[in-house]
Amino acid sequence: MAQAPNILHFSGHQYLRHRLVLSILSGKPVRIDKIRSDDKNPGLRDYEVSLLRLLERITNGTIIEISVTGTAILLKPGVIAGGSVTHECPLSRSVGYFLEPVIMLAPFAKKPIQLTLRGITTDEHDLSVDIIRTVTLPHLQLFGISDGLELRIKKRGSAPLGGGEVQFLCPIVKQVKTLNFVDPGRIKRIRGISHAVRVNPQFSNRMIEAARSVLNRYIPDIYLYSDVYKGEESGKSPGYALSLLAESTTGAMHSAEAISKPGVPPEDVALLASRSLLAEIRRGGAVDRQHQTLVLLMMVLGSEDVGRCRMGEPTARTIQFLRDVKEAFGTAFKIVPADPTDPESLDLIFSCYGVGYVNANRSLA
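A. Highlighting the packing of aromatic side chains. Under the defined criterion, the tally for this structure stands at 6 aromatic pairs. Plain terms: the ring middles of Phe-108 and Tyr-357 are 5.2 Å apart, the flat faces sit at 85 degrees to each other, and that makes the pair edge-to-face. On the criterion of sequence distance, the pair formed by Phe-108 in the loop between helix H3 (95–105) and strand S8 (111–119) and Tyr-357 in the segment after strand S18 (348–353) is long-range, its members being 249 residues apart. In this pair, the class of Phe-108 matches that of Tyr-357, namely buried. Summarising the aromatic geometry, the rings of Phe-203 and Tyr-240 are spaced 5.1 Å apart at their centres and angled 90 degrees between planes, so their arrangement reads as edge-to-face.

B. Spatial organisation of the pairing of strand S10 (residues 164–170). Of all 7 residues in S10, 7 are buried; the element is thus mostly enclosed. The side-chain alternation of S10 yields two buried faces, one formed by Gly-164, Val-166, Phe-168 and Cys-170 and the other by Glu-165, Gln-167 and Leu-169. Pairing between strand S9 (residues 150–155) and S10: 5 bridges, direction antiparallel. Note on S10: the bridge partner recorded for Leu-151 is Phe-168.

C. Representation of the sheet that holds strand S16 (residues 306–311) in the model. Across the sheet, 4 strands lie side by side as S11-S16-S18-S17; this open sheet has mixed pairing. With partners counted over all chains shown, the strands left at the sheet margins are strand S11 (180–181) and strand S17 (334–337), one partner each. Taken together, the 4 bridges between S17 and S18 define a ladder with antiparallel strand orientation. Across the sheet, residue Val-336 finds its bridge partner in S18, namely Ile-349. On top of the sheet, helix H7 (residues 292–300) reaches S16 and S18; it is set at about 165 degrees to S16, its chief contact.

D. Fine view of the environment of Met-207. Among the secondary structure elements, Met-207 is positioned in helix H5 (residues 202–215). With 131 residues separating them in the primary sequence, Met-207 and Ala-338 have C-alpha atoms 36 Å apart. Filtering out sequence-adjacent residues up to four positions away, Met-207 remains in contact with Ser-194, His-195, Tyr-240, Ala-241, Leu-242, Pro-266, Val-269 and Ala-270.

E. How the structure looks around the environment of Val-355. Mapping Val-355 onto the fold places it in the segment after S18. Each C-alpha atom of the pair Val-355 and Leu-99 lies 25 Å from the other, and the pair is 256 residues apart in sequence. In contact with Val-355, not counting residues within four places along its chain, are Val-300, Leu-301, Gly-302, Glu-304, Phe-329 and Thr-331.

F. The packing of H3 against helix H4 (residues 129–141), seen in detail. Interhelical geometry of H3 versus H4 gives an angle of 10 degrees and a closest axis separation of 11 Å. With respect to H4, the element H3 is oriented roughly parallel. Contacts from Val-95, Gly-96, Leu-99 and Ile-103 in H3 reach Val-129, Ile-132, Thr-136, Leu-137 and Leu-140 in H4. In terms of residue class, the contact of H3 with H4 is made up of 7 nonpolar, 2 polar and no charged.

The rules behind the values
- Residues numbered from 1 in each chain as written.
- Predicted model: local features only at pLDDT ≥ 70, side-chain atom pairs only at ≥ 80, totals over all residues.
- Heavy atoms only, no water.
- Phe/Tyr/Trp six-rings, centres within 6.5 Å; stacked < 30°, edge-to-face > 60°.
- Helix = DSSP H or I, 4+ residues; strand = E, 2+ residues; numbered from the N terminus.
- Buried < 20%, exposed > 50% of the residue type's maximum accessible area, 1.4 Å probe, protein only.
- Pairing = 2+ DSSP bridges.
- Contact = heavy atoms within 4.5 Å.
- Axes fitted to C-alpha atoms, helices over the stretch in contact; angles between N-to-C directions.
- Parallel < 35°, antiparallel > 145°, perpendicular 65-115°, else oblique.
- Nonpolar A, V, L, I, M, F, W, Y, C, P; charged D, E, K, R; others polar.

Encoded structure:
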């Protein structure tokens, strides 16, 4: 009889998404306990249960056991099946919450994935669909996942009622390429998308004007696109947001966004987004903070070679992710200052030896 693979064991409700992803990719069962055990309302939240349901649908043979109180779960991973899936996301989190883990798994599926998610497309907790489309997916292209990789925004949906719809298409790969990205380059262009739904369409132009007033001091090549959705496609609630991304000469990307709050004028939203973008660029590195975990995961899964990447300071989430990767794959990163001669620079070079992960689920037809 085959020996049971050792179980990954974690506690707490934080970092649930990347722990489930690591379990499914490494094939090791994961047990997570003490999920909000001291909370007034203990156990899993509706969006976490919804995520488990989604993972169960894009995989085949995954067994998920949730304790009676909802404070502990056990996930025994199956194969990542892919195919065509439609999922209704609860209105407590945006579709970005569900897309992030799926993007990490999708390239290693059996069939190319076609995922339709319905719900809120932009909120302040997770990456908005604009950032995922313009920044997250290009990060996958660094690893050779590009043909047929697409995110279509069919309808926008603002909080609290949602009504948005996005379609995510991802090809499958046999293996990801090794990354060697140590030169962050200089920022050469800034692009942005401002959208306003179910409010005065002039709001979008006002955000663009305000963002330009800050960013034009630094660089002339700025193109901010006003994305207009009308009628049925604009969801059920009013809202507006601005997503910005800065691209460097070597293809490094930094992103920031700001979203409308009741009573906040569009100019203030745009100024907040512009300043966040400048702060993100100042942190340096070739990968921005929200995408550190995605890039590090793909480096671990790379072919059996040393991958290197330059990043700014790791966030708390990234640090925990590195610990969890060591548990799941046994891979440790070597982290050294990128520029030892410059005491001001906080950039670090992360290097690791890839595990040579091969997509065994892939149909060989």
